[in-house]
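# Summary of the model geometry
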Amino acid sequence: MPILKYSLAFVLGAILLQQQPQLPDMSLAAGWALTALLVLRLRRYRSGAALLANGFLLYGIVLGAGFLWAAFCAQTRLADALPHAWEGRDISLVGVVARMPQRDRQKIRFRFDVEQVLTPDATVPGRIVLSWYQGRQKTVHAPPDLRAGERWQLLVRLKRPHGNANPHVADYEAKLLERRVRAVGYVRPAPSNQRLEDWCGNLRYGFERMREHVRARFTHYLADSPDAGVLIALAVGDQRAIPAVHWQTFTRTGTNHLMAISGLHITLVSGLIAMAVYGLWRRIAWLSLRLPARKPAMLAGLIAALAYALLAGFAIPAQRAFLMLLIVVAACWHDRRVAMSAVLGWVLLVVVTGDPWAVIAPGFWLSFGAIALIGYALSGRIGQSGKAAGWVRIQWMITLGLFPLLLSLFQQVSLVSPIANALAIPVMTFAVVPLTLLAAVPGLEFCLSIALFILQGLMTGLQWLAESPPAIWQQHDPPAWTVAAAVAGVLWLMLPGGPGLGIRAGFPARWLGLLMLLPLFLVFPARPVEGELWLDVLDVGQGLAVVARTRHHAMLYDAGPSYGDSDSGKRIIVPYLRGEGIRALDLMIISHADSDHSGGALSVLQSVPTAALLASLGQDHPIRQKFADHRNCLAGIAWVWDGVHFEVLHPRQPSYLAQRHNTNESSCVLKITTRHGSVLLPADIGQPTESELLRQVPDRLPATVLIVPHHGSKSSSSQAFVHEVNPAYAIFTAGYRNPFGHPRAEVVNRYRALGSTLRRSDQDGAILLRFAQGGVEVNTWRALKRRYWHDRLFEEAQ
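Everything quoted here is computed from the prediction, not taken from an experiment.

What follows deals with the overall build of the protein. Tallying secondary structure elements over the protein gives 28 helices and 24 strands in all. Computed over its C-alpha atoms, the radius of gyration of the protein comes to 29 Å, within 12% of the 28 Å expected for a compact globule of 798 residues. Each principal axis of the C-alpha atoms in the protein carries an extent, and together these give about 100 × 70 × 60 Å. Counting every position in the protein, which comprises 798 residues, the buried fraction comes to 52%. Considering only residue pairs separated by 6 or more positions, the protein has 69% of its internal contacts joining residues 24 or more positions apart. Counting every atom, the protein has about 36,000 Å² of accessible surface; 60% of that belongs to carbon and sulfur.

Our focus in this paragraph is the sheet that holds strand E18 (residues 669–674). Strand order in the open sheet made by the 7 strands is E16-E17-E18-E19-E20-E21-E22, with mixed pairing throughout. Of all the strands in the sheet, just strand E16 (638–641) and strand E22 (757–760) have a single pairing partner and so form its edges. Adjacent strand axes in the sheet meet at a mean angle of 15 degrees, parallel and antiparallel pairs treated alike. The sheet contact formed by E16 and strand E17 (residues 644–650) spans 4 bridges and is antiparallel. Counted as the bridge partner of Trp639 is Phe646 from E17.

Here the focus is the pairing of strand E3 (residues 107–117). Two elements, strand E1 (residues 90–97) and E3, share 5 bridges in a ladder whose sense is antiparallel. Each residue of the ladder has a partner; that of Val96, found in E3, is Asp113. Pairing between strand E2 (residues 102–103) and E3: 2 bridges, direction antiparallel. If you follow Gln102 over to E3, its bridge partner there is Arg109. Direction of pairing for E3 relative to strand E4 (residues 127–133): antiparallel, over a ladder of 7 bridges. Within the sheet, the bridge partner assigned to Lys107 lies in E4 and is Tyr133.

Pairing is possible between side chains that carry opposite charge, provided their charged atoms lie close to one another. Scanning all chains against the criterion turns up 22 salt bridges. The closest approach of N and O atoms between Arg99 and Glu208, which form a salt bridge, is 2.9 Å. Here Arg99 is found in the loop between E1 and E2, whereas its partner Glu208 is found in helix H5 (residues 206–221), with 109 residues between them in sequence. A relative accessible area of 29% means that Arg99 is categorised as partly exposed. Among the salt bridges present, the one from Arg151 reaches Glu115, with a minimum N-O distance of 2.7 Å. Taken together, the positions of Arg151 in strand E5 (residues 151–159) and Glu115 in strand E3 put the pair 36 residues apart, joining distant regions of the chain. Since its relative accessible area comes to 15%, Arg151 is described here as buried. Overall, Glu115 belongs to the partly exposed group, its relative accessible area being 44%. Each of the salt bridges in this network shares a partner with another, and the network as a whole consists of Arg111, Asp113, Arg127 and Arg204.

With that out of the way, let us pick up the packing of helix H6 (residues 228–236) against helix H15 (residues 417–439). Two numbers describe how H6 lies on H15: the axes approach to 9 Å, and their chain directions differ by 80 degrees. What the angle tells us is that H6 and H15 run roughly perpendicular. Side by side, H6 and H15 meet where Leu231, Leu234 and Ala235 of the first sit next to Met428, Val432, Val433, Thr436 and Leu437 of the second. A per-class count over the contact of H6 with H15 returns 7 nonpolar, 1 polar and no charged.

Quick look at the state of the cysteines now. On inspection of all chains with the given rule, the structure shows 1 disulfide. Between Cys633 and Cys668 runs a disulfide, and the two sulfur atoms are separated by 1.8 Å. In this structure the cystine formed by Cys633 and Cys668 twists about its S-S bond by roughly 45 degrees; its chirality is therefore right-handed. With Cys633 in the loop between strand E15 (630–632) and E16 and Cys668 in the loop between E17 and E18, the pair connects residues that are 35 residues apart, well separated along the chain. Grouping residues by exposure puts Cys633 and Cys668 together as buried.

A few words on the packing of helix H17 (residues 480–493) against helix H18 (residues 512–522). The contact between H17 and H18 brings their axes to 7 Å, and the two run at 160 degrees. Between H17 and H18, the angle falls in the class roughly antiparallel. For the crossing formed where H17 meets H18, the hand is left-handed. Every residue of H18 that contacts H17 at Trp481, Thr482, Val483, Ala485, Ala486, Ala488, Gly489, Val490, Trp492 and Leu493 is listed here: Leu512, Gly513, Leu514, Met516, Leu517, Pro519 and Leu520. Considering only residue class, the contact of H17 with H18 consists of 14 nonpolar, 3 polar and no charged.

Moving on: the sheet that holds E15. Taken together, the 8 strands give an open sheet; going across it, the order is E15-E14-E13-E12-E11-E10-E23-E24, and neighbouring strands pair in mixed fashion. At either margin of the open sheet sits one strand with a lone partner, and together these are E15 and strand E24 (775–780). Each strand axis lies, on average, 15 degrees off the axis of its neighbour in the sheet, ignoring direction. With 3 bridges joining them, strand E13 (residues 587–590) and strand E14 (residues 613–615) adopt parallel strand pairing. Within E14, the residue paired with Ile589 across the bridge is Leu614.

All told, the structure shown has 15 aromatic pairs when counted by the stated rule. On the numbers, 6.4 Å between centres and 45 degrees between planes, the contact of Tyr6 with Tyr59 is tilted. With Tyr6 in helix H1 (residues 3–18) and Tyr59 in helix H3 (residues 48–79), this pair connects stretches of sequence that are 53 residues apart. By relative accessible area, which is 28% here, Tyr59 ends up partly exposed. Note on Phe110 and Phe112: the rings are 6.2 Å apart at their centroids and 85 degrees apart in plane angle, and the pair reads as edge-to-face. In this structure, Phe110 and Phe112 share a single accessibility class: buried. Each residue in the set Phe364, Trp365 and Phe368 is aromatic and connected to the rest through ring pairs, giving one cluster. The lysine or arginine in question, Arg89, covers the ring of Trp86, its NZ or CZ lying 3.8 Å from the ring centre. Positioned over the ring face of Trp333 is Lys295, at 5.5 Å from the centre of the ring.

This part covers H1. For H1, with 16 residues, the first-to-last C-alpha span of 23 Å sits near the 22 Å given by 1.5 Å per residue. Every buried residue of H1 is listed here: Ile3, Tyr6, Ser7, Ala9, Phe10, Val11, Gly13, Ala14, Ile15, Leu17 and Gln18.

Before going further, it helps to examine a positive patch on the surface. Positive charge collects at one region of the surface, where Lys175, Arg179, Arg240, Lys570 and Arg571 lie side by side. By secondary structure assignment, the location of Arg179 is in the loop between helix H4 (172–178) and strand E6 (184–187).

Within strand E23 (residues 767–772), 6 of the 6 residues are buried, which leaves the element mostly enclosed by the surrounding structure. Taking every second residue as pointing to the same face, both faces of E23 are buried, with Ile767, Leu769 and Phe771 on one and Leu768, Arg770 and Ala772 on the other. Where strand E10 (residues 533–537) lies against E23, 5 bridges are found, and the strand directions are antiparallel. Bridging from a neighbouring strand, Leu535 pairs with Leu769 of E23. Of the strand pairs in this sheet, E23 and E24 are connected by 6 bridges, and their pairing is antiparallel.

A separate point is a nonpolar patch on the surface. Together, Trp492, Trp511, Leu512, Leu514, Leu515, Leu518, Leu522 and Phe524 make up an exposed nonpolar region whose accessible area comes to about 790 Å². The greatest single-element share of the nonpolar patch, amounting to 5 residues, is contributed by H18. Of note, Phe524 is situated in the loop between H18 and E10. Relative accessible area serves as the criterion here: at 57%, Phe524 is assigned to the exposed category.

Cut-offs applied
- Residues numbered from 1 in each chain as written.
- Predicted model: local features only at pLDDT ≥ 70, side-chain atom pairs only at ≥ 80, totals over all residues.
- Heavy atoms only, no water.
- Helix = DSSP H or I, 4+ residues; strand = E, 2+ residues; numbered from the N terminus.
- Rg over C-alpha atoms; globule rule 2.2 N^0.38 Å.
- Buried < 20%, exposed > 50% of the residue type's maximum accessible area, 1.4 Å probe, protein only.
- Contact = heavy atoms within 4.5 Å.
- Areas by Shrake-Rupley, 256 points an atom, 1.4 Å probe, with all protein chains shown as cover.
- Pairing = 2+ DSSP bridges.
- Axes fitted to C-alpha atoms, helices over the stretch in contact; angles between N-to-C directions.
- Salt bridge = Lys/Arg side-chain N within 4 Å of Asp/Glu carboxyl O.
- Parallel < 35°, antiparallel > 145°, perpendicular 65-115°, else oblique.
- Nonpolar A, V, L, I, M, F, W, Y, C, P; charged D, E, K, R; others polar.
- Disulfide = S-S within 2.5 Å.
- Left-handed = near helix turned anticlockwise from the far one by under 90°.
- Phe/Tyr/Trp six-rings, centres within 6.5 Å; stacked < 30°, edge-to-face > 60°.
- Lys NZ or Arg CZ within 6 Å of the ring centre and 35° of its normal.
- Expected span 1.5 Å × (residues − 1).
- Patch = residues over 30% accessible without salt bridge, like charges linked within 9 Å, V, L, I, M, F, W, Y side chains within 5 Å.
- Lys, Arg positive; Asp, Glu negative; His and termini not counted.
- Charge placed at Lys NZ, Arg CZ, Asp CG, Glu CD.

Below you can see the structure in the form of C-alpha cells.
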C-alpha cells in the first residue's frame, strides 16, 4: 500500500476536524464502519469500475479515520476542563513542577502537573500553567527558585484558556490545547505554599531536571554575553532565552529555523555518535565478527538522537527527525531499502496520530515541507551535478519551495535567506552545535568559549545581511487558492531539468510555474470604496487599539497595552496590519499616556512607516521623543479622507502637558462621520469630561457606534451621556476576567436598556465594522472563525 498517499488522507481528515466550529456527533463512526465493510466486499471484484470505486472509498475511509480519531482525541482532551464556577476562586493543589520554569523581571512561569486537589468539591485539569509574581500586584515576597521535578503545595487562582482573537494572529487557545494545558493562573500568597519534596521520584521529569541543570551551567559561564541565549537554545531548546534583537536578525535572514532543534541538529548528533561507534567497533575484531559495525553504529546514533531530542523538549521538528531515523535504522538493521516517500508517510502518520493538533502548528508545515523538498531534490528531479552545485540547488529549492507557505503563515519572507543559510548552516552544523553539545558534558565547559567566539563572528555577518535594504519581503495574507496555485507552480518549476539552473533546461514549459506564482502577489485584499469606513476594534485585552481605513488612508487609534516583556503592538497590531496589506499608516493617534492605550505604540512605530502622530502626551513621553514631527491633540482639528470626516472633540486645552494631571480626562476624543453612519471614540474619559462635551458639543455626540468610555468603568457612561450619544452599537473593550471588573454590570445594563446592540472584545474577539452602502455591518472574529476549542462560556450563560 502506498503509505504516503494514505498518510496524507489521514492528515487531511485531522485538518478537516481542526476547522470545525463544534465537534461532530460520534455516531458518524457507525457510517464510517459501514463504508469500511462495503470496501471490504468490493475488494472481491476485479473489474475496472470496482477497483476504481474501491480505491476512492479506501482513500475516503482513511480520511474519515483521521477525522474521527482527531474528534475522539479532542473530546477526551476537552473533557479535562476547569469548571466555570471555579474560575477566579482560591484552590489548594499538590503537584509537580513539570517543565523548566521561565523567569523574567516580574514572575516565574511554569507548567504544573496536578496530583491532588485539596479544596473540597473543586475540579482542576491535570495540567495547568502558573505564574508566580513578585511585587505588590500579586505577592509581597519574591517567588522562590523552582526546579523541575519538585513537588509543591500551592494556593492558586485559575481561569480557563482564553486568548486574544484577531485576524492574522496566532490562536493562543489552540496552542494551549495542543500542549494539553487546560487552565492558566497564578499562585496566591499563603502560608500553605511549600515545597513538599525536592524530587518527586518520577523519572519522566528527569530530562527536564537535566535540561534545567545544563541551562543553569551555561547561564553561569556565559552570564555577560548577549549571545548566551542562542547557545542555551541550541543545547536544551529554550528559545525564550534568545533576546528579541537576535530573533529579529534570524527572522530577517531566514535563519530562525536553526534555532529550533530540528532534523539538522538531530541528524548531526546521531551521525557523529554513529561514526565514533563505527570506528571503535571495527577496531575490535571479535565484535566485528559477531555483528557488522554499521548496525551498532546506527543503534548508538539512534539512542543519541533520542537523548538529544528529549533534552531539547521533543518538539515537532525533533519528533519528525527522530522518527525518520528510527524507520531508516529499522530498515537497515533488517537489510531492507526504504524509499524516502515511505519514511515520510510513516512519520506523518505517527506524528498526527500522537498529536492531531500538530497540523495547526506552523512548525509542522515548515518541518515536513522542508524534508519533502529535500527528498524531492535528492530524487534527481532537478538534474545531477557536483556536491557544491547540489548544495546550492537544495538551498534554492527549499527557499523557493517554502516561499508560499511562509507568506501564508507569517506574511513575510527573507530575501537574503539563501545567502544567509549558505553561510550559517555549515558554521552551525560543523562548529557551533557540536561545541555547544560538548560543553553540556561536565568538565568541557571551555568549549563554550570557542562556540561563543565562532557564533559572534556569524552573528556579525547575519546582522549585516539583516540590515541590508532588500533583506525581507512583507505583504498581505494571500488567499488560500493563490497559495495552492503557488505551490503547484513551484513544483512545476522544479520538474526534472538539465544540468543548468535555468528554467529552460529539461522539462518543457517549466516557465508556466512562474505564471502560477503571480496570483500570490497580485491578488490584493478588498478595501473600502470612496465614502466608506472600515473600522476594526482589535482584541488587545485590557486596552484599546482601533484601525480605521478609508479608500486610500489608514489610521491607528491607540496601540493597546504592554505585556511585561512584550506588547500588543508587536504581538497583535503589526501582524494584523501586515496581514491586511496595510504597509504604512497615515496617522497614529495616542489618546492619552496610560499604558493600556500607548503600550504598543513604540513597536508599531518601529515596524510600520507612520506619516503623522496626534497625541495627548506629556513633553517627556518616549513616544513624543521617538516621533519628532507630532501634533498635540486639541479640539477643532479636523480633516477629510476619501469622503469620510474626522474631527477631534476633546481636549480643548493641552492640560496633558503639565507634570501632574488626570490622563483619562485629557483623552483625545475622536468623531468619525460617513454618509453611512458615524462612530465616537472617547478613550478613557470620565463623567466630568462627558458633562463638558454635553455642554460644548452636544450636537456632535450622537453616533451609530460608540466605543464605550473607559472600558465600561462605573466612573464613565453617565445616563445623560449615554442618552445623548444613543448608539445603535455599544462596544466594550476589556480583558477576559480583568481585575477591574470591566465592564461594570450597571453600565452594561444602561446601554442595554437604551436598546443598543452590545459587543465585547473579551467575548467576541476583534469587532469588524463596515460603514458601507445600507448602513453598518458588524462582524466579530470569534463568530467568523469559531473553532470547537473556543470557550463557550457566554453561550452557556444565556
